[in-house]
Amino acid sequence: MIDPILYWNEVALEANRVSHTNGKNEQTGPTLSSRALAIVHLAMYDAYAGVKGNPLTPVNLSSYLPGLPNPQPNAAAAAAVAAAAHATLSYLFPSQKPFFDLKHTQAGLQEPGLQAGHEFGLLVAQKMLEKRQDDPSASDDGYAASMARGAHRPDPDNAGQGFHAPFYGAKSRCFAVTDRHELDAPPQPDSAEYDDALQQVRGKGIAPELMGTLPPSITSRSANDTLIGIYWGYDGAAELGTPPRLYNQIIRAVAIAKMNSVDQNARLFALVNAAMGDAGVLAWDQKYIHDLWRPTVGIREDDPSLGPAGIGTPTLSEDSDPAWLPLGAPKTNSKTLEKNFTPPFPAYPSGHATFGAAAFHITRLFYNISDRNNDSLFNGLAFVSDEFNGTNRDNKGTVRPKHARTFPGGLWQMIVENGLSRVYLGVHWQFDAFAVDALGAPDLSRNIGGVPLGIKIAEDIASNGLNLSSVGPRH
């Protein structure tokens, strides 16, 4: 028997991939793609829970949306899931409806109660879409960058990129958290902690052709660092999509290895995607509150004499390099061999770090692992990132080799490595993911970076249940 949750999860991830490939611009970018996946998976969950649900079961299949009517007694769960997934996907990705129609046919739905299940799934999809109908777009209309030193401005190597979703975080209602979680301010330019992060990314994140310009005191990026940086990419590239797709792919591998029941998958993937939906809202809210520049601007303009707010100085700061450029977020599979780039939104906190921590930690909590340490959830497994699948090409047209990566430390190791990967691309400061202690290890006692934010989101939702959030827009 086909697991309807895994089946339609795969369809939803394909929709994400295609939406970043076909040029239709449907639910593209990290914010809108995480929102879309949350809507689809929560609709699937409520359709399934409405037919099969019982809040007293070990998996707890109580509904997400309040006030849903009961389906007819003979309603088929698989048909309800299929209708909810098909309807929400077709609304969110209208250009792909023929594909969704095909997958609905190929699902092979034959059990009794198809019509009743279908009607209930459609009802759930309608209610879910109504709840999210006032969500803002990712438009930057009306937004202007600050010219102050330390503030985010466009990538100088991709100067016309604009700004992604400056109003999305503040104007969106949350999915399942009970609080609009916030972070402490990041280390500021000229502080010792900031300077340490600058030295790190200046060497670890530099463009390959500029490595010979580094001072001897700065450690450059290794081949393994480069692999890690690109492995976790998924920066909205053609044939890849966005990080929420990557994290779903990994959690699918865990769910299959654990031989989850359909009940378990229904709740797990709803939890994961609700957490990432909230990560998209809260991380982008914090990004535009703190408005911190990216390394490509921060290193090039570290000296006070440089940039639009520059003042005269007699000599250049040794921490500044006006010609510095990053390895960059990978422009994988570009048909026109476009340059790698720095993402078009402020650095702090890292979206990758927030999404990854929220998704992976809520999965750990689902399997009753609450400590902040290595786990065994990926034992015996290897994962091939689509960035290194032996088919996809770098931005110079060269096919990257296939790389099967193991994680002895489980999902916790992934949380840390995923956060650090952005430093190795030169697009983030380390504290965008987490603060570090004197030995360079993650210091999660401090409320700094995307990993602590993602963990707070995961723990909030896991503690309070999968319920419609009452947390509205900040403005």
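This section reports on the structure supplied with the text. (Residues numbered from 1 in each chain as written. Predicted model: local features only at pLDDT ≥ 70, side-chain atom pairs only at ≥ 80, totals over all residues. Heavy atoms only, no water.)

Moving on, we get to the overall build of the protein. A tally of regular secondary structure across the protein gives 14 helices and 4 strands. Counting only residues that meet the buried cut, the protein has 59% of its 475 residues in that class. Sequence-distant contacts in the protein: of pairs separated by 6 or more residues, those separated by 24 or more amount to 76%. Charged side chains of the protein number 38 positive and 48 negative; the gap between the two group centres comes to 5 Å. (Helix = DSSP H or I, 4+ residues; strand = E, 2+ residues; numbered from the N terminus. Buried < 20%, exposed > 50% of the residue type's maximum accessible area, 1.4 Å probe, protein only. Contact = heavy atoms within 4.5 Å. Lys, Arg positive; Asp, Glu negative; His and termini not counted. Charge placed at Lys NZ, Arg CZ, Asp CG, Glu CD.)

Below, the discussion takes up helix 10 (residues 262–290). Because the α-helix completes a turn every 3.6 residues, residues three or four places apart line up on one side. Between its first and last C-alpha, helix 10 extends 41 Å over 29 residues, near the 42 Å set by a 1.5 Å rise per residue. Of all 29 residues in helix 10, 25 are buried; the element is thus mostly enclosed. Looking one or two places after helix 10, you find Asp-291, whose phi comes out positive at around 50 degrees. (Expected span 1.5 Å × (residues − 1).)

What the rule picks out here adds up to 18 aromatic pairs. For the pair Tyr-7 and Trp-8, a centre-to-centre distance of 5.4 Å together with 75 degrees between the ring planes defines the contact as edge-to-face. Each ring, one from Tyr-194 and one from Trp-429, has its centre 5.0 Å from the other, and the planes form 45 degrees; the classification is tilted. In this pair, Tyr-194 sits in helix 7 (residues 192–204) while Trp-429 sits in the loop between helix 13 (410–424) and strand 3 (435–436), placing the two residues 235 residues apart along the sequence. We note that Tyr-194, like Trp-429, is buried. Within the aromatic cluster, the residues linked to one another by ring pairs are Tyr-231, Trp-232, Tyr-247, Phe-360, Phe-378 and Phe-407. In this arrangement the basic side chain of Lys-171 is found over the ring face of Phe-167, its NZ or CZ atom lying 5.1 Å from the centre. Note that Arg-405 overlies the ring of Tyr-231, its terminal NZ or CZ placed 5.8 Å from the centroid. (Phe/Tyr/Trp six-rings, centres within 6.5 Å; stacked < 30°, edge-to-face > 60°. Lys NZ or Arg CZ within 6 Å of the ring centre and 35° of its normal.)

In this section: the pattern of salt bridges. One pass over the structure, following the stated rule, counts 20 salt bridges. Put simply, Lys-97 and Asp-101 hold a salt bridge, and the shortest N to O gap is 3.1 Å. A residue pair is termed a helical-turn pair when its members lie 3 or 4 positions apart in one helix, as Lys-97 and Asp-101 do in helix 4 (residues 97–106) at 4 residues. Lys-97 sits in the partly exposed class, given a relative accessible area of 37%. (Salt bridge = Lys/Arg side-chain N within 4 Å of Asp/Glu carboxyl O.)

Relative orientation of the contacting elements helix 10 and helix 12 (residues 351–366) amounts to 150 degrees, with a least axis distance of 8 Å. When the interaxial angle is binned, helix 10 and helix 12 end up roughly antiparallel. Considering the relative orientation of helix 10 and helix 12, their crossing is right-handed. Where helix 10 abuts helix 12, its residues Gln-264, Arg-267, Leu-268, Leu-271, Val-272, Ala-275, Met-276, Ala-279, Gly-280, Ala-283, Trp-284 and Lys-287 lie against Gly-351, Thr-354, Phe-355, Ala-358, Ala-359, Ile-362, Thr-363 and Phe-366. Here the residues of the contact of helix 10 with helix 12 are counted per class, giving 13 nonpolar, 5 polar and 2 charged. (Axes fitted to C-alpha atoms, helices over the stretch in contact; angles between N-to-C directions. Parallel < 35°, antiparallel > 145°, perpendicular 65-115°, else oblique. Left-handed = near helix turned anticlockwise from the far one by under 90°. Nonpolar A, V, L, I, M, F, W, Y, C, P; charged D, E, K, R; others polar.)

Relative to the helices and strands, Gly-380 is located in the loop between helix 12 and strand 1 (382–389). With 123 residues separating them along the chain, Gly-380 and Ala-257 place their C-alpha atoms 9.1 Å apart.

For the rest of this paragraph, the subject is helix 8 (residues 223–231). If you check which residues of helix 8 are buried, you get Asp-225, Leu-227, Ile-228, Gly-229, Ile-230 and Tyr-231. Buried residues along helix 8 sit against helix 7, helix 9 (243–257), strand 1, strand 2 (402–406) and helix 13.

With that settled, the discussion passes to unusual backbone geometry. Here the amide bond leading from Tyr-348 into Pro-349 is cis, since omega sits at -5 degrees, within 30 degrees of zero. The phi torsion at Asn-25 lies on the positive side, around 60 degrees, for a residue other than glycine. Look at Asn-25 and you get exposed, because its relative accessible area is 59%. If you check the backbone angles, Gln-27 has positive phi at about 55 degrees while not being a glycine. Looking at the secondary structure, you find Gln-27 in the loop between helix 1 (4–19) and helix 2 (29–52).

Here we take up the side chain of Glu-26. Checked against the element boundaries, Glu-26 lands in the loop between helix 1 and helix 2. In terms of polar contacts, Glu-26 uses its side chain to reach the side chain of Ser-95, at 2.9 Å. Residues in contact with Glu-26, not counting those within four places in the same chain, are Ser-19, Leu-92, Phe-93, Pro-94, Ser-95 and Gln-96. (Polar contact = N/O pair within 3.5 Å; in protein donor to acceptor, adjacent residues only side chain to side chain.)

The next thing to look at is the nonpolar core. One finds Leu-89, Trp-232, Trp-429 and Leu-466 to be the most contacted residues of the largest nonpolar core, which totals 139 residues. With 16 residues, the top contributor of residues to this core is helix 10. Each residue touching Leu-466, except ones within four places of it in the same chain, is listed here: Leu-42, Tyr-45, Ser-63, Tyr-64, Ala-176, Arg-267, Ala-270, Leu-271, Ala-274 and Ile-461. (Core = buried A, V, L, I, M, F, W, Y, C linked by side-chain atoms within 4.5 Å.)

Turning our attention to the side chain of Asp-46. Within the fold, Asp-46 resides in helix 2. No salt bridge is formed by the buried Asp-46. Its closest oppositely charged neighbour is Arg-267, at 7.8 Å. Among the polar contacts made by the side chain of Asp-46, one reaches the main-chain amide nitrogen of Tyr-64 at a distance of 2.6 Å.

Read these as layout, nothing more, since geometry by itself doesn't imply function.
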